[in-house]
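Reading the structure
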Amino acid sequence: PRDPVPALHGEASPGGGTSVREQIAVLEARITSLQSEKSGVRARLQDFQERFVVEHNRRIRFHRDILPIEREYRMYKQLKEEIMRAEAQLRDLQVE
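Notes on the structure follow. Computed from a predicted structure; not experimentally measured.

A few words now on the nonpolar core. Leu34, Val41, Leu45, Phe48, Phe52, Ile69, Tyr76, Leu79 and Ile83 together form the largest nonpolar core, which totals nine residues. Of all the secondary structure elements, the ones that give two or more residues to this core are α1 (20-56) and α3 (70-95). Sort the elements by how many residues they give to this core and α1 lands first, with five residues. If near-sequence neighbours (up to four positions away) are discounted, Val41 is found in contact with Glu72, Met75, Tyr76 and Leu79.

What follows is the structure, given as structure tokens:
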């Protein structure tokens, strides 16, 4: 007898879709890539903050303080959100 839900058991679906195992592997690779990118952005932000303290003798307090690197702050936030979404998808797949 045919398995009525092959994707749930790690098999390719008859419609040519990817198996759950393949989807998990893709998500894991994406998470690793996003985390690596996030680490690079975080390092640049940390460097900016350290230089800011040295140059201005105070910590970052105002929006205008981050204007030179605001794009990286936004990117960091987006990467964190993407990682959380991908991890949620991965958990959902692993439950199936």
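With respect to the helices and strands, the residue Glu70 is situated in helix α3. Polar side-chain contacts of Glu70 include one of 3.0 Å to the side chain of His63.

Between the first and last C-alpha of α1 there are 52 Å, a value that for 37 residues agrees with the 54 Å anticipated at 1.5 Å per step. Taken together, the buried positions of α1 are Val20, Ile24, Leu27, Ile31, Leu34, Val41, Leu45, Phe48 and Phe52. Those residues of α1 hidden inside the fold are in contact with α2 (63-66) and α3. Two residues or fewer after α1 comes Asn57, characterised by a positive phi angle close to 55°.

When the terminal C-alpha atoms of α3 are compared, their 38 Å separation across 26 residues agrees well with the 38 Å that a helix rising 1.5 Å per residue should span. All of the buried residues along α3 are Glu70, Tyr76, Leu79, Ile83, Ala86, Leu90 and Leu93. In this structure, the buried side of α3 is in contact with α1 and α2.

What counts, and at which threshold
Position labels on residues start from 1 in each chain and follow its written sequence. Residues qualify for local features only when their pLDDT is at least 70, as the model is predicted, and side-chain atom pairs are given and counted only at 80 or more; totals for whole chains, interfaces and linings, by contrast, use all residues. Just so you know, side-chain values use all the structure's heavy atoms and leave hydrogens and water out. Put simply, buried Ala, Val, Leu, Ile, Met, Phe, Trp, Tyr and Cys residues joined by side-chain atoms within 4.5 Å make one nonpolar core. Only protein chains enter the accessibility calculation, which uses a 1.4 Å probe; a residue is then buried when its area is under 20% of its type maximum, exposed when over 50%, and partly exposed in between. What counts as a helix is a DSSP run of H or I of at least four residues, what counts as a strand is a run of E of at least two, and both are numbered from the N terminus. Between two residues, a contact is recorded if the distance between any of their heavy atoms is within 4.5 Å. Here a polar contact means two N or O atoms within 3.5 Å. Within protein one must be a hydrogen donor candidate and the other an acceptor candidate, and residues neighboring in sequence count only if both atoms are side-chain atoms. Here the expected length of a helix is defined as 1.5 Å per residue gap, with one fewer gap than residues.

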